[in-house]
Amino acid sequence: MKNVICARCVKCGKEYEAIPNLENCTCGGILDIIYDYDYIKTKLTKDVLSKRGDYSMWRYREVLPVEEDTENTKLRVGWSPLYDEPRLASMLGIAKLYIKDDGLNPTSSLKDRASAMAVAKALEAKAEVIGCSSTGNAASSLAGNAAAAGLKTYIFVPARAPKGKVAQLVTFGANVISVDGSYEDTFKISAEAIKKWGWYNRNAAINPYLSEGKKTVSLEIGEQLKWVCPDFVAVSVGDGCTIAGVWKGFKDLYALGLIDRLPRLISVQAAGCCPINRAVAENKPWYPMEENTLADSIAVGVPRNPDKAINAIIESNGIVINVTDEEIMAAQKLLGTSCGVFGEPAGVTGTAGLKKACEEGLIPKDATVVSIVTGNGLKDVDNTIKAVKAPVVIRPDMESLIEAFKAGGIMPKEKMA
Ligand SMILES: *Cc1c(COP(=O)(O)O)cnc(C)c1O
Ligand SMILES: [Zn+2]
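This is a predicted model, so every value here is computed, not measured.

1. Some thoughts on the coordination of the zinc ion (ligand 2)
For a metal with four tetrahedral donors the ideal donor-metal-donor angle is 109.5 degrees, whereas six octahedral donors ideally subtend 90 or 180 degrees.
No. 1: Surrounding the zinc ion (ligand 2) are the protein donor atoms Cys9 (SG), Cys12 (SG), Cys25 (SG) and Cys27 (SG), which sit 2.3 Å from the metal.
No. 2: Around the zinc ion (ligand 2) sit 4 donor atoms; with metal-centred angles ranging over 101 to 116 degrees, the donor geometry is tetrahedral.

What follows is the structure in structure tokens.
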């Protein structure tokens, strides 16, 4: 790879050659991919991008860690819409709000960006099988992207994974192992199996290429905002790989001279499971926490990528916000009713945190904010139904309809004569 210099440990700084099968440093630290920005600058410019027809994450290949002859993965991952939301912005009391709906990826979450990258690297490694553990979305995205490439998968999920995600897994033909335990238990058993059978490893915070895939969300935000950097970017945090990727994307844009400043990150976790935010708030090393939230995708008591995530939050002069399950459900309804965007609980947690940060006066009124919706609501309908009002049920006659309109306070206006 001409654009990559090496992989460097975020803990001790030791450097490694960027081979496809990279895992953690001997010191236990996770690696970060280091680029030759001077070289990339000559290839990737605003002008080049403005003429490019590929609307997927691979439109940024020059700044992605793949060999020049590696094919783009098949499913159309990335280039999700960035919606301008003036009504919600004014409700929150900020100047500009954009919602980046990453639930519109092929398997309906931002994880597709990481999984597409994992599949590309697995193909470079000539692997035939990929293994991973996941709270659900990494699993379903890997299963889908691997199926499209003809690769086999072994996937470990905690038994609590919502039905929608499990349905995706079996449809994509993954070998699914449902672990009767926490995400931590699930991760450990998957790590042992991956080692024993020598599969390509897609586990978050072992494989340093995953956050490189995820960073494309920020590359897109930069381009979609015509290279004007937002003031804040709000995103939900579980393992920490996503927020690390979001930060890396903006740093890439800055290093390439495509934007002239960096945003502040708003790191949002569930109050019942917030080890990363707690570490930042207390300015202490992180330690494990219970997984006590209905937002299953971010119910991560032992985060796998705390170092990159905490560095990102601190480096960006970020804000940490924890939200209750009630606040998450309220955000689900708020995004649905005011924007027509349907996110899963973890998907809307960033927006829930943004709302809270606005209420606490942490966001200046003239700010431009991007809130990333990381997963689609159809993945977890059971929890959603709890958050919103059940529809009215009527007998099939007008009398019953009018009664229901009255009872629900939704009587339509009389038709003009
Ligand atoms: C995985 C996930 C997150 C958090 O990403 P991490 O890398 O675990 O921090 C947020 N939202 C959704 C929908 C996810 O699937
Ligand atoms: Zn190290």
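2. Considerations on the environment of alanine 116
No. 1: Checked against the element boundaries, alanine 116 lands in helix α4 (residues 111-124).
No. 2: For alanine 116, a relative accessible area of 0% puts it in the buried group.
No. 3: Along the primary structure alanine 116 and leucine 262 are separated by 146 residues, whereas in three dimensions their C-alpha atoms are 26 Å apart.
No. 4: Once residues lying within four places of it in the same chain are set aside, the contact partners of alanine 116 are Met57, Trp58, Thr73, Val77 and Asn145.

3. A look at the pattern of salt bridges
When the charged atoms of two side chains lie near each other, side chains of opposite charge can form a pair.
No. 1: This model, assessed by the stated rule, comprises 26 salt bridges.
No. 2: Of the charged contacts, one joins glutamate 68 and lysine 2 as a salt bridge, the two residues approaching to 4.0 Å between their closest N and O atoms. Of the two residues, glutamate 68 sits in the loop between α2 (46-50) and β4 (82-84) while lysine 2 sits in the segment before β1 (4-9), which places them 66 residues apart along the sequence.
No. 3: For glutamate 68, a relative accessible area of 60% corresponds to the exposed category.
No. 4: For the salt bridge of glutamate 359 with lysine 355, the shortest nitrogen-to-oxygen distance reads 3.0 Å. Placement of the pair is glutamate 359 and lysine 355 together in helix α14 (residues 345-359), with a separation of 4 residues, close to one helical turn.
No. 5: What makes glutamate 359 exposed here is its relative accessible area of 58%.
No. 6: Through salt bridges with shared partners, a single network forms among Asp32, Glu212, Lys215, Lys248 and Asp252.

4. Remarks on unusual backbone geometry
Glycine aside, negative phi is the norm for most residues, and most peptide bonds take the trans geometry.
No. 1: Even without being glycine, tryptophan 79 reaches a positive phi, approximately 50 degrees.
No. 2: Assignment of secondary structure puts tryptophan 79 in the loop between α2 and β4.
No. 3: Phi angles above zero are rare outside glycine, and lysine 226 is one such case at about 55 degrees.
No. 4: Assignment of secondary structure puts lysine 226 in the loop between α9 (216-224) and β10 (232-236).
No. 5: The exposure class of lysine 226 is exposed, given its relative accessible area of 66%.

5. Description of the packing of α9 against helix α10 (residues 241-255)
No. 1: Interhelical geometry of α9 versus α10 gives an angle of 50 degrees and a closest axis separation of 7 Å. Viewed along their axes, α9 and α10 adopt a mutual orientation that is oblique. Seen along the crossing, α9 lies across α10 with a hand that is right-handed. Contact with α9, carried on its side by Val217, Ser218, Leu219, Ile221 and Gly222, involves Gly245, Val246, Gly249, Phe250, Asp252 and Leu253 of α10 and no other residues of that element.
No. 2: Residues of the contact of α9 with α10, tallied by class, amount to 6 nonpolar, 4 polar and 1 charged.

Basis of the calculations
- Residues numbered from 1 in each chain as written.
- Chains lettered and ligands numbered in written order.
- Predicted model: local features only at pLDDT ≥ 70, side-chain atom pairs only at ≥ 80, totals over all residues.
- Heavy atoms only, no water.
- Donors = N, O, S within 2.8 Å, 3.2 Å for Na, K, Ca; no water.
- Tetrahedral: all angles 85-135°; square planar, octahedral: opposite > 155°, others 65-115°.
- Helix = DSSP H or I, 4+ residues; strand = E, 2+ residues; numbered from the N terminus.
- Buried < 20%, exposed > 50% of the residue type's maximum accessible area, 1.4 Å probe, protein only.
- Contact = heavy atoms within 4.5 Å.
- Salt bridge = Lys/Arg side-chain N within 4 Å of Asp/Glu carboxyl O.
- Axes fitted to C-alpha atoms, helices over the stretch in contact; angles between N-to-C directions.
- Parallel < 35°, antiparallel > 145°, perpendicular 65-115°, else oblique.
- Left-handed = near helix turned anticlockwise from the far one by under 90°.
- Nonpolar A, V, L, I, M, F, W, Y, C, P; charged D, E, K, R; others polar.

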